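A closer look at the structure
So the chains spell out like this:
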Amino acid sequence: EQGGVMVQEFAKQVEAELRQVESSSVREYVQQSSQVLDLHNEMQKCDGILAKMQEMLLGFDADLGAVSAEIRELQFESRRMRTKLKNRVSAESKLRTFLDNAAM
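Here we summarise the structure given alongside this text.

Scoring rules and cut-offs
Residues numbered from 1 in each chain as written. Predicted model: local features only at pLDDT ≥ 70, side-chain atom pairs only at ≥ 80, totals over all residues. Heavy atoms only, no water. Helix = DSSP H or I, 4+ residues; strand = E, 2+ residues; numbered from the N terminus. Rg over C-alpha atoms; globule rule 2.2 N^0.38 Å. Buried < 20%, exposed > 50% of the residue type's maximum accessible area, 1.4 Å probe, protein only. Lys, Arg positive; Asp, Glu negative; His and termini not counted. Charge placed at Lys NZ, Arg CZ, Asp CG, Glu CD. Patch = residues over 30% accessible without salt bridge, like charges linked within 9 Å, V, L, I, M, F, W, Y side chains within 5 Å. Areas by Shrake-Rupley, 256 points an atom, 1.4 Å probe, with all protein chains shown as cover. Salt bridge = Lys/Arg side-chain N within 4 Å of Asp/Glu carboxyl O.

A separate point is the overall build of the protein. From N to C terminus, the protein includes one helix and zero strands. Scaling as 2.2 N^0.38, a compact globule of 104 residues should have a C-alpha radius of gyration of about 13 Å, whereas the protein reaches 42 Å, well beyond that. When burial is assessed residue by residue, the protein has 0% of its 104 residues classed as buried. Each charge class in the protein was averaged separately, 14 positive and 17 negative side chains, and the resulting centres sit 22 Å apart.

Written as C-alpha cells, this is what we have:
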C-alpha cells in the first residue's frame, strides 16, 4: 500500500510540474507573440520580394532569349553578306581578266 501512495504522490507532483510548465509556456508565448507576429510579417514581406525578383528574373531570361535570337539572326546575315562579297570580288576579278584579255 505504501508503494501505491508513493506512485500517487509522484503522479500529483508530475501533474503539478506539467501545469507549471504549461503555464510558463503560455506566458512566454504571450510575451513573444508580438515578436512572432513581427517575424510573420517580415516573412510575408520577404516572400513578396522573392516573388518580384522571380518575376524580374523570368523577364530577364526572356529578354536574353530574344537577344540570343537576334545575335543568331545577325550572324546568319553576316555570313550571307560575306558570301555575297566573295562572289562579287570573284566576279569582278573574272570580269577584269576578261576585259583585260578583250582589250589586248
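Attention now moves to a nonpolar patch on the surface. Together, Val26, Tyr29, Val30 and Val36 make up an exposed nonpolar region whose accessible area comes to about 390 Å². As for its placement among the helices and strands, Val36 is situated in helix H1 (residues 2-103).

Before going further, it helps to spend a moment on the pattern of salt bridges. When the charged atoms of two side chains lie near each other, side chains of opposite charge can form a pair. The tally for this structure, following the rule as stated, stands at four salt bridges. Arg96 is the salt-bridge partner of Glu92, the closest N and O atoms lying 2.6 Å from each other. Placement of both Glu92 and Arg96 in helix H1 is noted, with a separation of four residues, approximately one turn of the helix. Classification of Arg96 as partly exposed rests on a relative accessible area of 45%.

Right, let's talk about the environment of Ile71 for a bit. By secondary structure assignment, the location of Ile71 is in helix H1. In this structure Ile71 comes out as partly exposed when scored by relative accessible area, which is 44%. Separated by 61 residues in sequence, Ile71 and Phe10 have C-alpha atoms that sit 81 Å apart.

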